[in-house]
Amino acid sequence: MPVKWLLYWQPNAGITVNTQILTEISQCVESSINGVKGGRWKSTLIFYRPITRDQSSQNDYPKDLLGVSLPEQPDKYYFVLRSHRIVFEADSNIQSIMEKAQSYKARIALTFEGFQYQLGDFQLKVGKVALTAHAENLRGIAMEVEYLPLSSLDKSRQVMEDFVDILQEIVSSRSLPGHFTHIEPNFSEYSLTDHYSSQHTSLQYATVMTQLLTTLRN
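Worth saying up front: this structure is predicted, and the values here are computed from it rather than measured.

(A) Examining the pattern of salt bridges more closely. This structure, assessed with the given rule, holds 11 salt bridges. The partner of Arg 174 in a salt bridge is Glu 24, with the nearest N and O atoms 3.9 Å apart. Of this pair, Arg 174 sits in the loop between α3 (153–172) and β9 (178–182) while Glu 24 sits in helix α1 (residues 19–32), and the two are 150 residues apart along the sequence. Note that Glu 113 and Arg 40 form a salt bridge whose closest N and O atoms lie 3.7 Å from each other. Of this pair, Glu 113 sits in strand β6 (residues 104–119) while Arg 40 sits in strand β2 (residues 36–50); the two residues are 73 residues apart in sequence, bridging distant segments of the chain. By sharing partners, the salt bridges in this structure join Lys 4, Glu 72, Lys 125 and Glu 144 into a single network.

(B) Spatial organisation of α3. Taking 1.5 Å of rise per residue, 20 residues should cover 28 Å, and α3 covers 27 Å from first to last C-alpha, within 8% of that figure. Along its length, α3 reaches its greatest deviation from straightness, about 30 degrees, at Val 159. For α3, the set of buried residues is Leu 153, Ser 156, Met 160, Phe 163, Val 164, Leu 167, Ile 170 and Val 171.

Each value, and the rule that gives it
Residues numbered from 1 in each chain as written. Predicted model: local features only at pLDDT ≥ 70, side-chain atom pairs only at ≥ 80, totals over all residues. Heavy atoms only, no water. Salt bridge = Lys/Arg side-chain N within 4 Å of Asp/Glu carboxyl O. Helix = DSSP H or I, 4+ residues; strand = E, 2+ residues; numbered from the N terminus. Expected span 1.5 Å × (residues − 1). Bend = angle between axes of the 7 residues up to and from the residue. Buried < 20%, exposed > 50% of the residue type's maximum accessible area, 1.4 Å probe, protein only.

Dropping the structure here:
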């Protein structure tokens, strides 16, 4: 699977993200680097809380369960347990099973949604981040950068860094109030190898979700 980096927009102090910033970033991708616009994309993240009916069973369920659905894997669903340093894959019907079993309840859901762009060996996904229950309210901006020729994190690192630097320069030329940030999780802590997989993508989304929720609370 090709390597991906997930970036999120870090606004300047006192600035709130808005649709105008998202529009200008999309224009940068289309006009400044000639990205060919493709179809839409959508990923969903859900922060689950265990449903405990008695105090004695509280410790039986992980309290920080994150569920991730990815457009490239429609038949799969991914869970990130940060306290246990685990990322695992399940069938997509696990959500309905959880609902029927009443073991976990969705507390917060974020939707990452936008358009895909093709640029040579790179594929970009640019879009908004919104609380699923209030999809019209912009809570953040995300960009997924995928380098199609390589699946090795180490071998692709330099070319990814160079490409992201170019993107940052182009975006900063528009004097937008902020910049994109990339936080790479410690994949080895989750027993993820150098060979990139959907588990790596899920962990990146979980990391960005945590960062955005922290920002919203502040």
